[in-house]
Amino acid sequence: VRNTIYTNRIYDNTGLGIDLANNGVTPNDPGDSDTGDNELQNYPVLTGATVTRINGVLDSLPGAIDLHFYSNATCDPSGYGEGQTYIGLHEFNLPGVPTPFSFPVAPGALQIGQYVTATATNSDGNTSEFSACAPVTCSSPDVDDDGDVDVNDIIAVAVQWNAQTYSATYDLNCDNDIDILDVQIAAGAFGL
């Protein structure tokens, strides 16, 4: 227990990057109340990764949690990750119930075609196994990151197009340009 693993480059090996019980991928348990190697700390469940943001949820005991994110050129054959390149850290206090998170990614840190993974480390220093891989896609049509695509998102993309300024957040088709195609993607995601 209390084996903290972060910012290391762990990839291209024949097994899992981190295997807590030496038995392959250890499934998360509700509430994270099980015990074992590193208290079998639950790993984050990634729900999406774009060139600008990583979203997911973590179910763990209450307390301070550090999430560490990594990019990878490929995903491990298990579907669970490794850690080729360190992206960054997201710190938050978990209330003890499944809690969503959203981590903004620095410009240029992620590219389409890469995969993202994450680990969770609790306040006692117990690091989880790597999460399942999430493929990196273009920016989400939910550009204001409020949990749904609505008229405000369409307007925000249209304003960026009209201003003729570039930000990867509004480049929904990853063509390095904010144009009518991006507005159409936001409108399509809204259902227009």
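Residues numbered from 1 in each chain as written. Predicted model: local features only at pLDDT ≥ 70, side-chain atom pairs only at ≥ 80, totals over all residues. Heavy atoms only, no water.

Undergrad: Just to check I follow, could you spell out the overall build of the chain for this structure?
TA: In terms of helices and strands, the chain carries two helices and seven strands. Along the chain, from the amino end to the carboxyl end, the secondary structure elements read β-β-β-β-β-β-β-α-α. Since a compact globule built from 192 residues should have a radius of gyration of about 16 Å, the 18 Å found for the chain is in line with a globular shape. Working note: accessible area of the chain is about 9300 Å², and carbon and sulfur atoms make up 52% of it. (Helix = DSSP H or I, 4+ residues; strand = E, 2+ residues; numbered from the N terminus. Rg over C-alpha atoms; globule rule 2.2 N^0.38 Å. Areas by Shrake-Rupley, 256 points an atom, 1.4 Å probe, with all protein chains shown as cover.)

Undergrad: Can you help me understand the pairing of strand β2 (residues 53–58) in this one?
TA: Moving residue by residue along a regular strand, the side chains alternate between the two faces of the sheet. Residues Ile54, Gly56 and Leu58 of β2 are buried on one face, while the alternating residues Arg53, Asn55 and Val57, pointing to the opposite face, are not. Where strand β1 (residues 45–50) and β2 come together, four bridges link them in antiparallel fashion. Note that in β2 the partner of Ala49 across the bridge is Ile54. In textbook terms, the turn of a hairpin is the stretch between consecutive antiparallel strands, and for β1 and β2 this stretch comprises two residues. Direction of pairing for β2 relative to strand β5 (residues 99–104): antiparallel, over a ladder of six bridges. Note that in β5 the partner of Arg53 across the bridge is Pro104. (Buried < 20%, exposed > 50% of the residue type's maximum accessible area, 1.4 Å probe, protein only. Pairing = 2+ DSSP bridges.)

Undergrad: How should the layout of surface pockets be read in this particular structure?
TA: Rolled over the atoms, a probe sized like a water molecule indicates the empty space that remains. If you add up the space inside the largest pocket, you get close to 250 Å³. Along the walls of the largest pocket sit 14 residues, with Val51, Leu110, Tyr166, Ala168 and Asn176 positioned nearest its centre. Across the lining of the largest pocket, the residue classes break down as eight nonpolar, five polar and one charged. When its volume is computed, the second largest pocket comes out at roughly 160 Å³. Around the second largest pocket sit 14 residues that line it, and Gln41, Leu61, Pro62, Asn122 and Asp124 are the ones nearest its centre. Its residues assigned to classes, the lining of the second largest pocket comprises four nonpolar, six polar and four charged. (1 Å grid on protein atoms, 1.4 Å probe; cavity = no way out; pocket = protein on both sides within 12 Å on 5 of 7 lines; lining within 4 Å. Points joined across faces, edges and corners; volume = space filled by probe spheres on them. Nonpolar A, V, L, I, M, F, W, Y, C, P; charged D, E, K, R; others polar.)

Undergrad: Quick question: what am I supposed to make of the state of the cysteines here?
TA: Simply put, disulfide is the name for a covalent bond between the sulfur atoms of two cysteines. This structure, assessed with the given rule, holds two disulfides. Bridging Cys75 to Cys133, the disulfide has an S-S length of 2.0 Å. Sign of the S-S torsion, about 90° for the bond between Cys75 and Cys133, identifies this disulfide as right-handed. With Cys75 in the loop between β3 (63–72) and β4 (85–94) and Cys133 in the loop between β6 (115–122) and β7 (134–137), this pair connects stretches of sequence that are 58 residues apart. Among the residues examined, Cys75 registers a relative accessible area of 24% and is labelled partly exposed. The residue that forms a disulfide with Cys138 is Cys174, at a sulfur-sulfur distance of 2.2 Å. One end of the pair, Cys138, is in the loop between β7 and α1 (151–163); the other, Cys174, is in the loop between α1 and α2 (180–190), with 36 residues separating them in the sequence. Judged by relative accessible area, which is 19%, Cys138 ranks as buried. (Disulfide = S-S within 2.5 Å.)

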